[in-house]
Amino acid sequence: MPLMITSCDFFSYANGKEDSSEKEYGYICLGFDKTDYDITTKAVVGLKDSTEFILSITASDGASVYNGKYGDCPESISVKAGTYQLAVRSISFTSPAFSSPLFGDDQYVVVAAGQKVKVAFLCQQLNCGVKITVGKNLISAYPKHYLYLQSDQGKLLYSYTENRIAYFKPGVVSVILSDGTTSKTLFSRSLQERQVLSLKIDCSSPEPSGEQTSGSGSSSFSIQIDTARIWSTASINIDNGTGSGGSDDGGGDIGDAYSVAEAKTNIGAEDVWVYGYIVGGDMTSSSIRFETPFTSATNIAIAGRTSVSDKNSCMSVQLPTGTIRDALNLRDNPSNLSRKVFLKGDIVEAYYGIPGIKNITDFQLQ
């Protein structure tokens, strides 16, 4: 959820009134809308209070007008006519760190003499993150090894018991397995702003000796999104400990079914399994009905969670005539609402205005 800093609804000058004699000056007016921030953004990512954000205002000649806490800045700042760069940051972020999501925005404004300029910051996540879950087989197979995450800005040790998100500046992030002497790159991915990947790393099976030292054996790990602001997924298999043989293929068997988030990144895939929760129906080009009663038997909407009530978080599903429609439609089966369903069909770019599933040939309802 973006963090919104908005302009104030009234003007308050530093001296309490407008000085008409200051013909060369204008005003930058700032305010803060806490509605979305307090209820969603802060709770989800653990951001500090907005008054602690760092605000900087710089003139076009490089002179600093203000640099400090947002909460210490006056609502209205008197400045000479000119161009100004404004930047707001939730924290100072210069190198990889745990539990450090960075939110911010940059704006350029032109202030004319006597003008009152309102500034609205739309703060989004500016860094990326990785969270790793280590499987029991990998711990048994590599008890004397450790993992670390590395980027151009540095690296972080990621212990087998670590459960925090490691944050990096956008760029290539690699997962390294090491015993202190030799290291092996398991995975590298170029991450963008707002991406947060949740990696599950495990071996197919532990070695009988309890320690793999020769690099033999088969290892694999899969990746799925945890709290991503941008959805992106992959499935990578590593054979014989070489670190090669990556693949983004999946969804062909029900055991490899795509989640809703994964399906949205695999537009065009055909005859694949997708799973989600039935959250609504009666779809139109602009809306979805999320509550009973339902009147249409031709479509349903699925999502990654039962609590979803935003159309953009859903996938549309075209129900073909026959057994599939009879079993899944919400008009005749209102008790299907919130149930988990697996669907086999084709992923299309748009059906009722959002990514969808058509040509369904099989399903499983749980």
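Our subject is the structure listed above.
Note that the structure is a prediction, hence the values are computed from the model and not measured.

Here's the deal with the overall build of the protein chain
Then step 1. What the protein chain contains, in helices and strands, is four helices and 25 strands.
Then step 2. Within the protein chain, the proportion of its 366 residues that are buried is 43%.
Then step 3. Once local pairs closer than 6 in sequence are excluded, the contacts in the protein chain between residues at least 24 apart make up 61%.
Then step 4. For the protein chain, the exposed surface amounts to about 17800 Å²; the carbon and sulfur share of it is 46%.

Focus: the pattern of salt bridges
Then step 1. Counting across every chain of the model gives five salt bridges.
Then step 2. Of the charged contacts, one joins Asp 271 and Lys 344 as a salt bridge, the two residues approaching to 4.0 Å between their closest N and O atoms. Here Lys 344 lies in strand S24 (residues 340-351) and Asp 271 lies in the loop between helix H3 (260-264) and strand S21 (272-281), a separation of 73 residues in the sequence.
Then step 3. With a relative accessible area of 19%, Lys 344 lands in the buried category.
Then step 4. Ionic pairing is found between Asp 332 and Arg 331, a salt bridge with its closest N-O pair at 3.3 Å.
Then step 5. Residue Arg 331 is classed as partly exposed on the basis of its relative accessible area of 43%.

Comments concerning the nonpolar core
Grouped burial of nonpolar side chains is what soluble globular proteins tend to show.
Then step 1. Core analysis: the biggest nonpolar cluster contains 25 residues, and Ile 132, Leu 147, Leu 149, Val 175, Leu 199 and Ile 201 have the highest contact counts within it.
Then step 2. Going through the elements one at a time, strand S11 (128-134), helix H2 (136-141), strand S12 (146-151), strand S13 (154-158), strand S14 (166-168), strand S15 (171-178), strand S16 (183-191) and strand S17 (196-203) are the ones with two or more residues in this core.
Then step 3. Residues Phe 294, Ile 302, Ile 324 and Leu 330 belong to the second largest nonpolar core, which totals 21 residues.

Some thoughts on the side chain of Asp 202
Then step 1. Topologically, Asp 202 is positioned in strand S17.
Then step 2. With no salt bridge to any partner, buried Asp 202 finds its closest opposite charge in Lys 200, at an N-O distance of 5.8 Å.

Regarding the environment of Leu 365
Then step 1. Checked against the element boundaries, Leu 365 lands in strand S25 (residues 354-365).
Then step 2. Contact partners of Leu 365, with chain neighbours within four places excluded, come to Ile 278, Ala 327, Leu 328, Asn 336, Arg 339, Lys 340 and Val 341.

Thoughts on the pairing of S16
Then step 1. Alignment of S15 against S16, held across eight bridges, turns out to be antiparallel. Bridging from a neighbouring strand, Val 173 pairs with Arg 189 of S16.
Then step 2. Joining the antiparallel neighbours S15 and S16 is a turn of four residues, in which Gly 180 adopts a positive phi near 95 degrees.

Notes on the sheet that holds S21
Each strand in a sheet pairs with another by means of backbone hydrogen bonds, the pair being arranged parallel or else antiparallel.
Then step 1. Spatial strand order, S21-S22-S23-S25-S24: five strands in a closed barrel with mixed pairing. Within this sheet the neighbouring strands show an average axis-to-axis angle of 55 degrees, counted without direction.

What counts, and at which threshold
Residues numbered from 1 in each chain as written. Predicted model: local features only at pLDDT ≥ 70, side-chain atom pairs only at ≥ 80, totals over all residues. Heavy atoms only, no water. Helix = DSSP H or I, 4+ residues; strand = E, 2+ residues; numbered from the N terminus. Buried < 20%, exposed > 50% of the residue type's maximum accessible area, 1.4 Å probe, protein only. Contact = heavy atoms within 4.5 Å. Areas by Shrake-Rupley, 256 points an atom, 1.4 Å probe, with all protein chains shown as cover. Salt bridge = Lys/Arg side-chain N within 4 Å of Asp/Glu carboxyl O. Core = buried A, V, L, I, M, F, W, Y, C linked by side-chain atoms within 4.5 Å. Lys, Arg positive; Asp, Glu negative; His and termini not counted. Pairing = 2+ DSSP bridges. Axes fitted to C-alpha atoms, helices over the stretch in contact; angles between N-to-C directions.

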